[in-house]
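Letter by letter, the chains look like this.
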Amino acid sequence: QQKVQQSPESLSVPEGGMASLNCTSSDRNFQYFWWYRQHSGEGPKALMSIFSDGDKKEGRFTAHLNKASLHVSLHIRDSQPSDSALYFCAASEHSGSWQLIFGSGTQLTVMP
Amino acid sequence: GGIITQTPKFLIGQEGQKLTLKCQQNFNHDTMYWYRQDSGKGLRLIYYSITENDLQKGDLSEGYDASREKKSSFSLTVTSAQKNEMAVFLCASSINWANTGQLYFGEGSKLTVL
């Protein structure tokens, strides 16, 4: 079983809509989370990190972490066609970068 | 800002062939990584190098060798390419091994084995 599981595998939302992506860690040691975004033909780029319980907002992106359930979500409001990409959740045992475990990704399509 | 350059962008090899991928970064970062990306399986860590002259195996190191020639460059060798293998190899760097998880990735090298 993968240590970091993402759902759904793919998601379509209309332009201007809200996209919600989910991620769960199956290892209680992995409590530090990152979201990365990968556009087609490019490498992944870090979107945001979340290390504490609750919400973290950066522009149109809001991450929510529940450490008790090891569940993190990413919500994108006012989705744009440029948000269409593969989104990865990554978790680690500490805030350092060398032991990041990635999920298999959610493919988001925003329809104009 | 900086950039990570991976060469070649596309690599086609024959079964059993030894193939080398190269990565250069101008961020002046200490730590560099090689990940493999397969469809539906996310990114898996092959090798990483905490500092120049260091080499550490990741979960997927079998079948690969790596070399950190200098601070700015990190190479990955597929020791014996497997028939029908197809994957994207991603090089990444971070300020150091203890920083807050921000990895900077190259655009990837796509491997096809005939």
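Here the structure is a predicted model, which means the values were calculated and not measured.

1. Points about the interface of chain A and chain B
Piece 1. Contact with chain A, which involves 21 residues of that partner, is made by 24 residues of chain B.
Piece 2. Both sides together, the interface formed by chain A and chain B hides about 1700 Å², and carbon and sulfur atoms give 55% of it.
Piece 3. The interface formed by chain A and chain B contains 0 salt bridges.
Piece 4. The tally of links between chain A and chain B comes to 2 residue pairs in polar contact (both at pLDDT 80 or more).
Piece 5. Going through the elements one at a time, β4 (32–38), β9 (85–92) and β10 (101–102) of chain A are the ones with two or more residues in the side of chain A that touches chain B.
Piece 6. At 3 residues, the largest contribution of residues to the side of chain A that touches chain B is made by β4 of chain A.
Piece 7. Of the residues in the side of chain A that touches chain B, the class split is 11 nonpolar, 9 polar and 1 charged.

2. Let's talk about the sheet that holds strand β1 (residues 4–7) of chain B
Hydrogen bonds between backbone groups are what pair the strands of a sheet, and the pairing can be parallel or antiparallel.
Residues and elements named next belong to chain B.
Piece 1. The strand order β1-β3-β8-β7 describes an open sheet built from 4 strands, whose pairing is antiparallel. Since the sheet does not close on itself, it has two edges, and those belong to β1 and β7 (64–70), each with one partner. Across this sheet, the average inter-strand angle for adjacent strands is 15°, counted without regard to direction.
Piece 2. Sheet analysis places β1 next to strand β3 (residues 19–25), joined by 4 bridges and oriented antiparallel. Across the sheet, residue Thr7 finds its bridge partner in β3, namely Lys22.

3. Observations concerning the pattern of salt bridges
Residue and element names in this part refer to chain B.
Piece 1. In this structure the tally under the stated criterion is 10 salt bridges over all chains.
Piece 2. For Lys71, the salt bridge identified is with Asp30, shortest N-O distance 3.3 Å. Pair noted here: Lys71 is in the loop between β7 and β8 (73–78) and Asp30 is in the loop between β3 and β4 (31–37), with a separation of 41 residues, a long-range link.
Piece 3. The closest approach of N and O atoms between Asp38 and Arg44, which form a salt bridge, is 2.9 Å.
Piece 4. Given a relative accessible area of 12%, Asp38 falls into the buried group.

4. Here we look at the side chain of Gln38 of chain A
Piece 1. When you line up the elements, Gln38 of chain A lands in strand β4.
Piece 2. A polar contact is formed between the side chain of Gln38 of chain A and the backbone oxygen of Glu42 of chain A, at a distance of 2.9 Å.
Piece 3. Ignoring anything within four residues of it in the chain, the contact list for Gln38 of chain A reads Gly43, Pro44, Ala85, Leu86 and Phe88 of chain A together with Gln37 and Leu90 of chain B.

5. A look at the packing of aromatic side chains
Piece 1. Applying the stated criterion to the full structure yields 13 aromatic pairs over all chains.
Piece 2. Judged by centre distance (5.1 Å) and plane angle (70°), the ring pair of Tyr32 of chain A and Phe51 of chain A falls under edge-to-face. Of the two residues, Tyr32 of chain A is situated in strand β4 and Phe51 of chain A in the loop between β5 (45–50) and β6 (54–58); the sequence distance between them amounts to 19 residues.
Piece 3. We classify Tyr32 of chain A as partly exposed; its relative accessible area is 25%.
Piece 4. When its relative accessible area of 22% is taken as the criterion, Phe51 of chain A is described as partly exposed.
Piece 5. Residues Tyr33 of chain B and Tyr48 of chain B carry aromatic rings whose centres are separated by 6.3 Å and whose planes lie at 25° to one another, so their mutual orientation is stacked. Highlighted residues: Tyr33 of chain B in strand β4 and Tyr48 of chain B in strand β5 (residues 43–49), separated in sequence by 15 residues. Each member of the pair, Tyr33 of chain B as well as Tyr48 of chain B, carries the same accessibility label: buried.
Piece 6. Ring-pair connections join several aromatic residues into one group, and the members of that group are Tyr32, Trp34, Tyr36, Phe51, Phe88 and Phe102 of chain A together with Tyr33, Tyr35, Tyr48 and Phe105 of chain B.

Rules of the game
- Residues numbered from 1 in each chain as written.
- Chains lettered and ligands numbered in written order.
- Predicted model: local features only at pLDDT ≥ 70, side-chain atom pairs only at ≥ 80, totals over all residues.
- Heavy atoms only, no water.
- Contact = heavy atoms within 4.5 Å.
- Buried area = accessible area lost by both parts, 1.4 Å probe.
- Salt bridge = Lys/Arg side-chain N within 4 Å of Asp/Glu carboxyl O.
- Polar contact = N/O pair within 3.5 Å; in protein donor to acceptor, adjacent residues only side chain to side chain.
- Helix = DSSP H or I, 4+ residues; strand = E, 2+ residues; numbered from the N terminus.
- Nonpolar A, V, L, I, M, F, W, Y, C, P; charged D, E, K, R; others polar.
- Pairing = 2+ DSSP bridges.
- Axes fitted to C-alpha atoms, helices over the stretch in contact; angles between N-to-C directions.
- Buried < 20%, exposed > 50% of the residue type's maximum accessible area, 1.4 Å probe, protein only.
- Phe/Tyr/Trp six-rings, centres within 6.5 Å; stacked < 30°, edge-to-face > 60°.

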